[in-house]
Amino acid sequence: SQKIEQNSEALNIQEGKTATLTCNYTNYSPAYLQWYRQDPGRGPVFLLLIRENEKEKRKERLKVTFDTTLKQSLFHITASQPADSATYLCALGNYGQNFVFGPGTRLSVLP
Amino acid sequence: GAGVSQTPSNKVTEKGKYVELRCDPISGHTALYWYRQSLGQGPEFLIYFQGTGAADDSGLPNDRFFAVRPEGSVSTLKIQRTERGDSAMYLCASSPGRDAPYEQYFGPGTRLTVT
């Protein structure tokens, strides 16, 4: 069955450093992958989309990579700020099919 | 414009009771999804509507769960004979469709507690 793993449950980093979150999957061949941010008690909010034929996407301080050989996506936040503290979810998708979400990684950026 | 809204924001009910959770998607979005999320977990797919029809209900855990979207807009998730294990955050999301990698717009969720 499909399995998606993200970092250990929680990741703590110092303000100003780069946070790197991982999303690994097995028994699945997604056509695209999305990253979402979720704050406590709120619904997830879309951040970035990357397709299987793309290696890297950037948006402001965010960068995502997608390696279909390794079955892995990396999500980077550069120059991290305490306001970046949240849970980050990866979601794998195929056209005409439902998303499958990972368990999420809780990121804490310490001042 | 208005985002996805869900009501109520919190619902506490006794074991065995019936509950209805409502979702109002973004106007014009034909795709509507229901998810269930437990603490420390990602959203778990329940059901997907394309327009008025339930195109995929493979995520519904059992026949106590049912959802409708009669006019292709507002949707209601219905849970009969609630059990304590049904306690979770129920999220609704909408998107323009499912035939492209559209982002999903989530509502704030309904926190259901079954006592």
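Remember, it's a predicted structure, so these values are computed and weren't measured experimentally.

Tallying secondary structure elements over chain B gives zero helices and eleven strands in all. Going from N to C terminus, chain B has its helices and strands arranged as β-β-β-β-β-β-β-β-β-β-β. Taking 13 Å as the expected radius of gyration for a compact globule of 115 residues, we find that chain B reaches 13 Å, a close match to that expectation. Projected onto its principal axes, the C-alpha coordinates of chain B cover approximately 40 × 25 × 25 Å. Buried positions account for 47% of the 115 residues belonging to chain B. Split by element, the accessible area of chain B, about 5,400 Å² in all, is 46% carbon and sulfur.

Turning our eyes to something else, we now look at the pattern of salt bridges. Oppositely charged side chains are able to pair whenever their charged atoms sit close together. Under the defined criterion, the tally for this structure stands at nine salt bridges over all chains. The shortest N-O distance in the salt bridge between Lys3 of chain A and Glu5 of chain A comes to 3.3 Å. Given the relative accessible area of 48%, Lys3 of chain A is considered partly exposed. Here Asp24 of chain B makes a salt bridge to Arg22 of chain B, at a shortest N to O gap of 3.7 Å.

Residue and element names in this part refer to chain B. Along the chain, the position of Tyr90 falls in strand 9 (residues 88-95). Residue classification places Tyr90 among the buried positions, given a relative accessible area of 0%. For the pair Tyr90 and Thr113, spaced 23 residues apart in sequence, the C-alpha separation works out to 11 Å. Sequence-distant contacts of Tyr90, defined by excluding residues within four places in its chain, comprise Gln6, Leu21, Tyr35, Arg36, Leu46, Phe65, Leu77, Ile79, Gly109, Thr110 and Leu112.

Before going further, it helps to examine the packing of aromatic side chains. On inspection of all chains with the given rule, the structure shows 15 aromatic pairs over all chains. Between Tyr36 of chain A and Phe106 of chain B, the ring centres sit 5.9 Å apart and the planes meet at 85 degrees, which makes this aromatic pair edge-to-face. In this pair, Tyr36 of chain A is assigned in strand 4 (residues 32-38) and Phe106 of chain B in strand 10 (residues 105-106), connecting two distinct chains. Taken individually, Tyr36 of chain A and Phe106 of chain B each receive the classification buried, so the pair is uniform in this respect. With 5.5 Å between their ring centres and 90 degrees between their planes, Phe101 of chain A and Tyr35 of chain B make a pair best called edge-to-face.

Residues and elements named next belong to chain B. Strand order in the open sheet made by the four strands is 1-3-8-7, with antiparallel pairing throughout. The open sheet is flanked by strand 1 (5-7) and strand 7 (65-68), the only strands paired with a single partner. Geometrically, the sheet is characterised by an average inter-axis angle of 15 degrees between neighbouring strands, direction not taken into account.

Chain A puts 20 residues into the contact, and the matching count from chain B is 22 residues. Here chain A meets chain B over a buried area of about 1,500 Å², counting both sides, of which 54% is carbon and sulfur. At the junction of chain A and chain B, the tally comes to zero salt bridges. Counting every contact that joins chain A to chain B gives five residue pairs in polar contact (both at pLDDT 80 or more). When contributions to the side of chain A that touches chain B are tallied by element, the ones reaching two or more residues are strand 4 and strand 5 (45-51) of chain A. The greatest single-element share of the side of chain A that touches chain B, amounting to four residues, is contributed by strand 4 of chain A. Looking at the side of chain A that touches chain B, its residues break down into ten nonpolar, eight polar and two charged.

Before going further, it helps to examine the pairing of strand 8 (residues 75-79) of chain B. Residue and element names in this part refer to chain B. Taking burial as the measure, the five residues of strand 8 include four buried ones, the bulk of the element. In this sheet, strand 8 lies alongside strand 3 (residues 19-24) in antiparallel orientation, the contact comprising five bridges. Note on strand 8: the bridge partner recorded for Leu21 is Leu77. Of the strand pairs in this sheet, strand 7 and strand 8 are connected by four bridges, and their pairing is antiparallel. Within the sheet, the bridge partner assigned to Phe65 lies in strand 8 and is Ile79.

Calculation rules
- Residues numbered from 1 in each chain as written.
- Chains lettered and ligands numbered in written order.
- Predicted model: local features only at pLDDT ≥ 70, side-chain atom pairs only at ≥ 80, totals over all residues.
- Heavy atoms only, no water.
- Helix = DSSP H or I, 4+ residues; strand = E, 2+ residues; numbered from the N terminus.
- Rg over C-alpha atoms; globule rule 2.2 N^0.38 Å.
- Buried < 20%, exposed > 50% of the residue type's maximum accessible area, 1.4 Å probe, protein only.
- Areas by Shrake-Rupley, 256 points an atom, 1.4 Å probe, with all protein chains shown as cover.
- Salt bridge = Lys/Arg side-chain N within 4 Å of Asp/Glu carboxyl O.
- Contact = heavy atoms within 4.5 Å.
- Phe/Tyr/Trp six-rings, centres within 6.5 Å; stacked < 30°, edge-to-face > 60°.
- Pairing = 2+ DSSP bridges.
- Axes fitted to C-alpha atoms, helices over the stretch in contact; angles between N-to-C directions.
- Buried area = accessible area lost by both parts, 1.4 Å probe.
- Polar contact = N/O pair within 3.5 Å; in protein donor to acceptor, adjacent residues only side chain to side chain.
- Nonpolar A, V, L, I, M, F, W, Y, C, P; charged D, E, K, R; others polar.

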